[in-house]
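Spelled out, the chains give:
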Amino acid sequence: MDTVVEPRGRVVDVDGLSMHCLDWGDPAKPAIVLLHGLRGHAHSWDDVSSALCRDLRVLALDQRGRGLTDWASDGDYGVDAFVGDLVGFHRALGLEKFILMGHSMGARNAMAFAGRHPHMLEKLVLSEFGPEINPVGAQRIGKELIDVPEEFDTLDDAIAYMAQFNRYASEAVMRRRERHATRELPNGRIGWRYDIEIRAARRRGDPVAPLDLWPALPQIACPTLVVRASETDILDRDVARRMIETLPDGRLVEIERAEHMVFEDNPEDFIAAVRDFLV
């Protein structure tokens, strides 16, 4: 019987920002850093982390403004800030070359990091994000973020609300996701844990600085796996194929029975594809 591995929560100071991560596995093994999506957190990856930590040291990071990591005091949630955080995290932990995997917003940040610091990576996994994203999916996510209630009476109410947007994720996955995405408020109700400025910026319609990540791809020297969900509304198939043509060493895998939250919708096939790439 496999030994059950539990993560060690740790906090790292990165240029004055207190960053939390879940540290899985043996520190002597090669490291992989996991970056969650827009509304995610380190525990989003728990199924993936518990599988990969048999062979790797898994570091699942709460990115700024999410999970147990500090909110940005200046409200900066731009790509440069996320890339700088990852550089500082790498330095603080004394990592050498490592594997990087990101999903959605995390994949965007991973792509930018890899283009700027290719010498720091052994391999790269980009899940459900590309230099171009389908506007239908982008509008859907934006609307969900704008429309979501600020508070719920109970955690079960929050889970039920979010479950209507997730056809495939299991009840256990949804409960874990929302348990770590929420917190109890002073009034006893349940509210979101991530920085309210992230929602407020969407509601105000703040302009987003244009970001062209196509030039980053040719700079990524390490083997790169692009993961696309079969029923995604974010990463079009032609964009994914163009990514593979542009990357020096890229390959593409498509996961069936999954929408944008591919590693939560179909964790078994996602884990198998990633393990096959990493081994």
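Residues numbered from 1 in each chain as written. Predicted model: local features only at pLDDT ≥ 70, side-chain atom pairs only at ≥ 80, totals over all residues. Heavy atoms only, no water.

**Q** In this structure, what is going on with helix α5 (residues 155-163)? I would like to understand it.
**A** Think of an α-helix as turning once every 3.6 residues; residues three or four places apart then point the same way. Among all positions of α5, only Ala158, Ile159 and Met162 are buried. Axial view of α5: buried residues confined to an arc of 100°, hence all on one face. Looking at the packing, one finds that the buried side of α5 touches β7 (151-152), α6 (171-181) and β9 (190-192). (Buried < 20%, exposed > 50% of the residue type's maximum accessible area, 1.4 Å probe, protein only. Helix = DSSP H or I, 4+ residues; strand = E, 2+ residues; numbered from the N terminus. Arc of directions from axis to C-beta. Contact = heavy atoms within 4.5 Å.)

**Q** Is there a simple way to explain the packing of aromatic side chains in this structure?
**A** For any two aromatic rings, the description comes down to two numbers: the centre-to-centre distance and the angle of the planes. With the rule as written, the count across this model stands at eight aromatic pairs. Judged by centre distance (5.7 Å) and plane angle (90°), the ring pair of Phe152 and Trp192 falls under edge-to-face. Separated by 40 residues along the polypeptide, Phe152 in strand β7 and Trp192 in strand β9 bring together distant segments of the chain. Under the relative-accessibility criterion, Phe152 is labelled buried at 7%. Here Trp192 falls in the buried class, since its relative accessible area comes to 5%. Their ring planes at 50° and their centres at 5.9 Å tell us that Phe263 and Phe270 sit as a pair that is tilted. Phe270 carries the same exposure label as Phe263, and that label is buried. (Phe/Tyr/Trp six-rings, centres within 6.5 Å; stacked < 30°, edge-to-face > 60°.)

**Q** Sorry, what's going on with the pattern of salt bridges here?
**A** Pairs may arise between side chains of opposite charge once their charged atoms sit close together. In this structure the tally under the stated criterion is 27 salt bridges. With a closest N to O distance of 3.1 Å, Arg242 and Glu132 form a salt bridge. With Arg242 in helix α8 (residues 237-246) and Glu132 in the loop between β6 (121-127) and α4 (135-147), the pair connects residues that are 110 residues apart, well separated along the chain. The exposure class assigned to Arg242 is partly exposed, which follows from its relative accessible area of 39%. (Salt bridge = Lys/Arg side-chain N within 4 Å of Asp/Glu carboxyl O.)

**Q** Would you take a moment to explain the sheet that holds strand β11 (residues 250-255) for this structure?
**A** Strands pair in a sheet through their backbones, by hydrogen bonds, and they do so in one of two ways: parallel or antiparallel. In spatial order, the strands read β1-β2-β4-β3-β5-β6-β10-β11; together these eight strands make up an open sheet with mixed pairing. The open sheet has two free edges, formed respectively by β1 (8-14) and β11, since each of these has just one partner strand. Geometrically, the sheet is characterised by an average inter-axis angle of 20° between neighbouring strands, direction not taken into account. With six bridges joining them, strand β10 (residues 224-229) and β11 adopt parallel strand pairing. Looking across to β11, one finds that Val226 is bridged to Leu252. (Pairing = 2+ DSSP bridges. Axes fitted to C-alpha atoms, helices over the stretch in contact; angles between N-to-C directions.)

**Q** Is there a simple way to explain unusual backbone geometry in this structure?
**A** A negative phi angle is the norm for most residues apart from glycine, just as the trans form is the norm for most peptide bonds. One non-glycine residue, Glu128, adopts positive backbone phi at about 60°. Assignment of secondary structure puts Glu128 in the loop between β6 and α4. In this model, Arg257 sits at a positive phi of 50°, which is unusual for a non-glycine residue. Note that Arg257 resides in the loop between β11 and α9 (262-265).

**Q** Which parts of the structure should I look at to understand the pairing of strand β2 (residues 17-24)?
**A** Counting buried positions over the eight residues of β2 gives seven, a clear majority of the element. Relative to β2, β1 is paired through seven bridges, and the arrangement is antiparallel. Bridge pairing in β2 places Arg10 opposite Cys21. Counted along the chain from β1 to the antiparallel partner β2, the turn is two residues long, and its residue Asp15 has a positive phi close to 50°. The pairing of β2 with strand β4 (residues 57-61) spans four bridges and is classified as antiparallel. Opposite Cys21, over in β4, you have Leu61 as the bridge partner.

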